[in-house]
Amino acid sequence: MPTLPQNDFGRAHASADVLAELGESLSARDAAISPKFLYDALGCKLFESICELAEYYPTRTEASIFARHGADIARAIGAGSAMLDLGAGNCAKAASLFSLLHPSQYVAIDISHDFLRESVERLHQRFPHIEMNLLSQDFSNGLALPAFVRKERRLFFYPGSSIGNFTPEQATLFLRRARAQCDADGALLIGIDLVKDSAVLDAAYDDALGVTAAFNLNVLRHVNHLAGADFDVRQWRHRGFFNAADSRVEMHLEAREDLTVNWQGGTRRFARGQSIHTENSYKYKQSAAVGLLEQAGFQTMNVWTDPDAWFAVIYARAVKA
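Residues numbered from 1 in each chain as written. Predicted model: local features only at pLDDT ≥ 70, side-chain atom pairs only at ≥ 80, totals over all residues. Heavy atoms only, no water.

**Thoughts on the overall build of the protein**
- Each helix and strand in the protein was counted, giving ten helices and twelve strands.
- Taking 321 residues into account, the globule formula puts the C-alpha radius of gyration at 20 Å, and the protein, at 20 Å, falls close to it.
- Along the first, second and third principal axes, the C-alpha set of the protein runs to 60 × 45 × 40 Å.
- When each of the 321 residues of the protein is scored for burial, the buried share is 52%.
- When contacts within the protein are restricted to residue pairs at least 6 apart in sequence, those whose partners lie at least 24 apart make up 69%.
- For the protein, the accessible area works out to roughly 14,000 Å², and carbon and sulfur atoms hold 50% of it.
- One way to put it: in the protein the 32 positive side-chain charges average out to a point 3 Å from where the 38 negative ones average out. (Helix = DSSP H or I, 4+ residues; strand = E, 2+ residues; numbered from the N terminus. Rg over C-alpha atoms; globule rule 2.2 N^0.38 Å. Buried < 20%, exposed > 50% of the residue type's maximum accessible area, 1.4 Å probe, protein only. Contact = heavy atoms within 4.5 Å. Areas by Shrake-Rupley, 256 points an atom, 1.4 Å probe, with all protein chains shown as cover. Lys, Arg positive; Asp, Glu negative; His and termini not counted. Charge placed at Lys NZ, Arg CZ, Asp CG, Glu CD.)

**Some words on the packing of aromatic side chains**
- Evaluation of the coordinates by the stated rule reveals 15 aromatic pairs.
- Seen in terms of ring centroids, Tyr 158 and Phe 174 are 5.4 Å apart; in terms of plane orientation they differ by 40°. Their pairing is tilted. Separated by 16 residues along the polypeptide, Tyr 158 in strand β4 (residues 154–158) and Phe 174 in helix α7 (residues 168–180) bring together distant segments of the chain.
- Residue class for Phe 174 comes out buried when judged on its relative accessible area of 1%.
- Taken together, a centroid distance of 5.2 Å and an interplanar angle of 80° make the contact between Trp 236 and Phe 270 edge-to-face. Here the residue Trp 236 occupies a position in strand β6 (residues 236–243), and Phe 270 occupies one in strand β9 (residues 266–270), the gap between them amounting to 34 residues.
- On the accessibility criterion, Phe 270 (0% relative accessible area) is buried.
- A connected cluster of aromatic rings, assembled from ring pairs, spans Tyr 39, Phe 47, Tyr 56, Tyr 205 and Phe 215. (Phe/Tyr/Trp six-rings, centres within 6.5 Å; stacked < 30°, edge-to-face > 60°.)

**Notes on the sheet that holds strand β10 (residues 275–282)**
- Spatially, the three strands line up as an open sheet ordered β6-β7-β10, and their pairing is antiparallel. Whereas interior strands pair on both sides, the edge strands pair on one side only; in this sheet they are β6 and β10. Going from strand to strand, the sheet's axes swing by 20° on average, the running direction of each strand aside.
- For strand β7 (residues 248–255) and β10, the ladder comprises seven bridges, and the chain directions are antiparallel. Considered in β10, the bridge of Arg 248 is made with Tyr 282. (Pairing = 2+ DSSP bridges. Axes fitted to C-alpha atoms, helices over the stretch in contact; angles between N-to-C directions.)

Encoded structure:
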């Protein structure tokens, strides 16, 4: 049985910075928890389940684009890249493209170390000929790539419309940081969710089975673990809806009753109906998605969509300095 190289890097801990970030966001006038904290080990598994729901169209729609246009995507990118999978999770999306893209190196990058390690170990058994590494870090505030990541032909892979978790301004900054890690032969392959009927969006983020609700509520359990907080999940309810004015889906946790929450170094009183903002998912028009990449220093080479134009997969080359 092949063994994963022991070069995982940057395991995440509940550091002083994490405690400070959580304390600051929970104490803000409009309380919030960063969406990156949704993805502990249980959160990752719950998100896998969300991707199987009938209401959650992004995963299957993006997959249909890769299935329909895979040969064109492979011709545009070429073989032998160093594939950097941002927010890799279970690595399934990247793995589905290995037979098309034939990367020479695969680097899985995510915040949840243990879940990521299990995923990469399983994947390496299936593809022992590909050099595989894992990098456990919060890349939302910057990318720190160690020496084992090849500099030549870096391909940042950012599927699933995760770029929508950033505001457009934050997304531009994030993509510029990725561009800065590319030589002239570097590139980006990204999935971006497009604007569509609000009823479709509302259902996708508030499903009938309540899996998305469980995913959102689980962040409170994770914060309890990270920050010594005493959230009682039973005192909160999930809300997910499309905010048309800002072109984004919002997820919140709403207090069911008046309550007090304590955490290491802080406390807060929540009134009934008061909420904690946990995630945004911005939806773009196709022209705006292309403009976003161009502002970040990429040249848009190819755009592929599904027949209904619900979702876009974009391959963009780094602009030569």
